[in-house]
Amino acid sequence: MKSHWMCSNMVRCLGDGNTSLQKLATSIVFFFCLSDVSCNSVEQKIYVELNNTVPCVRLLNATHQIGCQSSISGDTGVIHVLESEEDLEWPLSKGPNPPYMVLLESSLFTRSIMMKMKNESNRVAGVAVVVPNTSPPEFSPHTTCPNENTGVYSDNYGPNLAHCNTTVWNPRGNGLSYEEFDFPVFSLKEDNETEFIKQCYLDHNRAVNGSAPQYPLCAMQLFSHMHAVTNTPTCMRRNDINFSINPEMVCDPLGDYNVWGSIRPYNDTVFGHKENESVVIAAARLDSRAFFWEVSTGAEGSVSGFVTLLAAAQALREVTHEAPPTRNILFAFFQGETFDYIGSSRMVYDMENGKFVIDLDNIHSVLEIGQVALHSGNNLFLHSDPVSRRNNTVNDVVREELFSSFFPNVSQPLPPSSLQRFLRAQPIPGIVLADHESAFNNRYYESFYDNAANLNLTYPSDLSPEEQLEFVTHTAESLTDVATVVARALYKQAGGDESRVNTIKADPKIVTQMLYGFLVSSNNSWFQAVMAPELKNILTCVHVLGYLGLHCFVFFCLLEPSPPEYYYLLANLTGAATNLTQSQCQKPDELPNESRQMYSYLWVQGIVPPNSTERDSFCVRASVRLTKAVSPAFELGEYASKDYSTWTESRWKFIKARIFLVASRDLEMLTLGVGVAVLFTSLLVTYFISTKADVLFSSTREPASAAY
């Protein structure tokens, strides 16, 4: 549209002046306009856009920045396919055509190789990692001691237990996710695009007998320029001093929403301490992360835990209505725990400051579900805090929470867990249920390999997607058993009727449907049935968790998000279907026995009955709520806080990757020289024609009286 407007105006401007000159100029402009129509196709002939790429992006905290970025105009390099660590010599020293864009298989995506390229970044333009469809024996880009600076252990609390002095929880961690790289790093899928890149390398770039390849060479260009730099205080300050009419933010605090619900409802407008109220908190985390943006499913790291807790909550629905326990049970699902416990620290902060429906003094105990994948031959272990258990009252309550599991044989700290943030505020009795006695069993902690395969979630090949949704896998059976144990323990801990404990059983069908929805395909009939009609399109074909929420899972957004799947799942699993119409469901306060202050009301799609094309929609009433999971540091304006998470994510304009053939430097300079020569020649010819126009384009006017 813009080029057409320019062309029409150029022709219009030539309306005055010599007629012959006008015709010549109009012809030139017409040719220019015609050629502009095909400029996009010319670009497509030069560049091959890569569509299945995912970047590493920049994150910042109170002290520094991590992640990757390109220059503002993108980084370009000659492609070199790395075949072994010894092969690094070519791009780092021997290769005659630096900088290089290094393409490597995931088996070579190691700390050793990446740090060598980081130290020679002047010869490395970027890195592309091919992520295969199969997983390596182990890989974790996280640190060996997750969240070590924001947990409960410090110089003032269990100093001998701080910084993983006694137990290294993630010994496989190589720390790559917390390094800073001055060049872009992208991931590629193992598909036709990657094969095309490799073939381009073989055809143009591969050295033969150690000799330099001949031009043209196959090159790659990566765009991932990040706006934020240095640290969180710097980027937040720059956010505040933008004087433009449309201010452009450079970073955003990581954040999302916690989801919580209780077996007895609370008035969500009445905050603070509740007299004579005792609450057992059952917690799990929702988020996970990976080196690359938005590619972490967190199968063992988070999904195993929160699916187990959701199933336990559903198993308690009937018995807690028929025989309510003396204590309330509050189910809490925390977001942002990977990044210094964002969700749990926010809930504790709200409790301390009278901004939550209960306070810390109302908490009787905490049971947290950690990684419970239960790989073959594993047991469940109960982890507790040896420091707080020195208090006899705390120790007695912890002992009451014992069930068919084992305490670790040695005195060791709590593993990384939300419970640590509660203990920072107050000595609250609590345990963390996990499948590891000391170091994590998870071989892919916080990596893109922590997927369905890591949970051994497999289906017979002859099943349709709908049949897979209903197929109860061995993994689902194992997690159902764990959910049953958790539900019974919670009911006993809340003071429930002992005679009813053995009647509590989790539903394996519910568990297998959740696993399928979270790890295989969220766009399935069961997830669609429990979602609101206006949210049906947010269900993507493959579900991805991340540190931005489920759909933003990286990232957390401060924009108002749609309520996530687990919010609707918790409501459907713990709430009750009502006879309210859609209009009544949207305005329940107009009815005498309904109250939005006590319950959430959700209009969901429902199933499609047999022999029907219309969904049987209905209204769910549940004591389920969303609360902010944004670090208190940003509420307080303490961007350099040592007590709370300060993680932010840089903004960027666009992410793009493409390949093309690049000519030699000499040919490029020759082309430039010829172009400049043609330009100046054209200017001289134009000037000459303009000055001699009256001579070159003059015509003899014939007498008007001429007769024929």
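The residue numbers shown here count from 1 along each chain, following its written sequence. This being a predicted model, a pLDDT of at least 70 is required before a residue's local features are given, and a value of 80 or more before pairs of side-chain atoms are given or counted; all residues contribute to the totals for chains, interfaces and linings. Values shown for side chains rest on all heavy atoms present in the structure; no hydrogens or waters enter the calculation.

Enquirer: Kindly report on helix H16 (residues 565–574), identifying the contributing residues and their values.
Expert: Under the scheme applied here, a residue whose accessible area is under 20% of the maximum for its type counts as buried, over 50% as exposed, and between as partly exposed, the area being computed with a 1.4 Å probe on protein chains only. Segments assigned H or I by DSSP are reported as helices when at least four residues long, segments assigned E as strands when at least two residues long, and all are numbered from the N terminus. Of all the 10 residues making up H16, 9 are buried; the element is thus mostly covered by neighbouring parts of the structure. Where H16 is concerned, the buried positions are Glu 565, Tyr 566, Tyr 567, Tyr 568, Leu 569, Leu 570, Ala 571, Asn 572 and Leu 573.

Enquirer: Outline the layout of surface pockets, supporting the account with residue identities and numerical values.
Expert: What the second largest pocket holds in volume is close to 730 Å³. Lining the second largest pocket are 31 residues, with Glu 148, Asn 149, Thr 150, Asp 340 and Lys 642 positioned closest to its centre. Three classes are used, and their members are as follows: Ala, Val, Leu, Ile, Met, Phe, Trp, Tyr, Cys and Pro are nonpolar, Asp, Glu, Lys and Arg are charged, and the others, Gly among them, are polar. Considering only residue class, the lining of the second largest pocket consists of 10 nonpolar, 15 polar and 6 charged. In this analysis, the protein atoms alone were mapped onto a 1 Å grid. Cavities are point sets where a 1.4 Å probe fits without being able to get out; pockets are open sets with protein on both sides within 12 Å along at least five of seven lines; lining residues have an atom within 4 Å of a point. Grid points are joined across faces, edges and corners, and a volume is the space filled by probe spheres set on the points.

Enquirer: Outline the packing of aromatic side chains, supporting the account with residue identities and numerical values.
Expert: Only rings of Phe, Tyr and Trp enter the pairing, Trp through its six-membered ring, and a pair is recorded when the two centres are within 6.5 Å. The plane angle decides the type: under 30 degrees is stacked, over 60 is edge-to-face, the rest tilted. By the definition in use, this model includes 30 aromatic pairs. Cluster of aromatic residues (ring-pair linked, three or more members): Phe 109, Phe 139, Phe 181, Phe 183, Phe 291, Phe 292, Tyr 444, Phe 448 and Tyr 449. In this structure, Lys 118 packs its charged tip against the face of Phe 181, placed 5.8 Å from the ring centre. The residue whose ring lies beneath Lys 656 is Phe 223, and the NZ or CZ to ring-centre distance is 4.9 Å. Any Lys NZ or Arg CZ found within 6 Å of a ring centre and within 35 degrees of that ring's normal is scored as a charge over the ring.

Enquirer: Tell me about the UniProt feature "transmembrane region" (unreviewed entry) in the protein, and please be specific about residues and values.
Expert: Taking the numbering used here, the UniProt-annotated feature "transmembrane region" (unreviewed entry) corresponds to residues 669–689. When the span residues 669–689 is considered, its composition is 100% helix and 0% strand, and the gap between its end C-alpha atoms is 30 Å. UniProt positions are given in the numbering used here, feature names are shortened, and annotations may be inferred rather than shown by experiment.

Enquirer: An account of the pairing of strand S9 (residues 185–189) is needed here, citing residue identities and associated values.
Expert: Across the 5 residues that make up S9, a large majority, 4, are buried. For two strands to be treated as a pair, DSSP must find at least two bridges joining them. Of the strand pairs in this sheet, strand S2 (residues 53–55) and S9 are connected by 3 bridges, and their pairing is antiparallel. Residue pairing across strands places Val 54 opposite Ser 187, the latter belonging to S9. Pairing of strand S7 (residues 124–131) with S9 involves 5 bridges; the strand directions are parallel.

Enquirer: Account for the nonpolar core, with residues named and values stated.
Expert: As used here, the term nonpolar core means buried Ala, Val, Leu, Ile, Met, Phe, Trp, Tyr and Cys residues forming a set that is joined through side-chain atoms within 4.5 Å. In terms of nonpolar packing, the biggest core is built from 73 residues, with Phe 331, Phe 333, Met 514 and Leu 515 touching the most fellow members. Examining the composition of this core, we find that 12 residues originate from one element, helix H8 (residues 299–322), more than from any other. Residues in contact with Phe 333, not counting those within four places in the same chain, are Asn 258, Val 259, Ala 284, Leu 286, Phe 306, Leu 309, Leu 310 and Leu 570. By the convention used here, residues are in contact when the closest approach between their heavy atoms is within 4.5 Å.

Enquirer: Before we move on, can you summarise the pattern of salt bridges with the specific residues and values?
Expert: The rule for a salt bridge is simple: a side-chain nitrogen of Lys or Arg has to be within 4 Å of a carboxyl oxygen of Asp or Glu. Counted under the stated rule, the structure contains 18 salt bridges. For Lys 118, the salt bridge is made with Glu 179, and the minimal N-O distance between the two is 3.1 Å. Of the two residues, Lys 118 is situated in helix H5 (residues 111–119) and Glu 179 in the loop between S7 and strand S8 (180–181); the sequence distance between them amounts to 61 residues. Here Lys 118 falls in the partly exposed class, since its relative accessible area comes to 25%. The exposure class assigned to Glu 179 is buried, which follows from its relative accessible area of 15%. The salt bridge partner of Arg 285 is Glu 446, with a shortest N-O separation of 3.0 Å. Of this pair, Arg 285 sits in strand S13 (residues 279–285) while Glu 446 sits in the loop between strand S17 (430–434) and helix H12 (465–470), and the two are 161 residues apart along the sequence. For Arg 285, a relative accessible area of 14% translates into the label buried. Residue classification places Glu 446 among the buried residues on the basis of a relative accessible area of 3%.

Enquirer: Let's hear about unusual backbone geometry: which residues, and what values?
Expert: Most peptide bonds adopt trans geometry, and most residues besides glycine take a negative phi value. With an omega of 0 degrees, the peptide bond between Pro 98 and Pro 99 qualifies as cis. A cis geometry characterises the amide bond from Tyr 215 onward to Pro 216, with omega recorded as 0 degrees. Structurally, Pro 216 can be placed in the loop between helix H6 (192–204) and strand S10 (217–223). Backbone geometry at Asn 147 places phi at a positive 55 degrees, although glycine is not the residue there. With respect to the secondary-structure elements, Asn 147 resides in the loop between S7 and S8. Here the phi dihedral of Cys 164 falls at roughly 55 degrees; this positive angle occurs in a residue that is not glycine.

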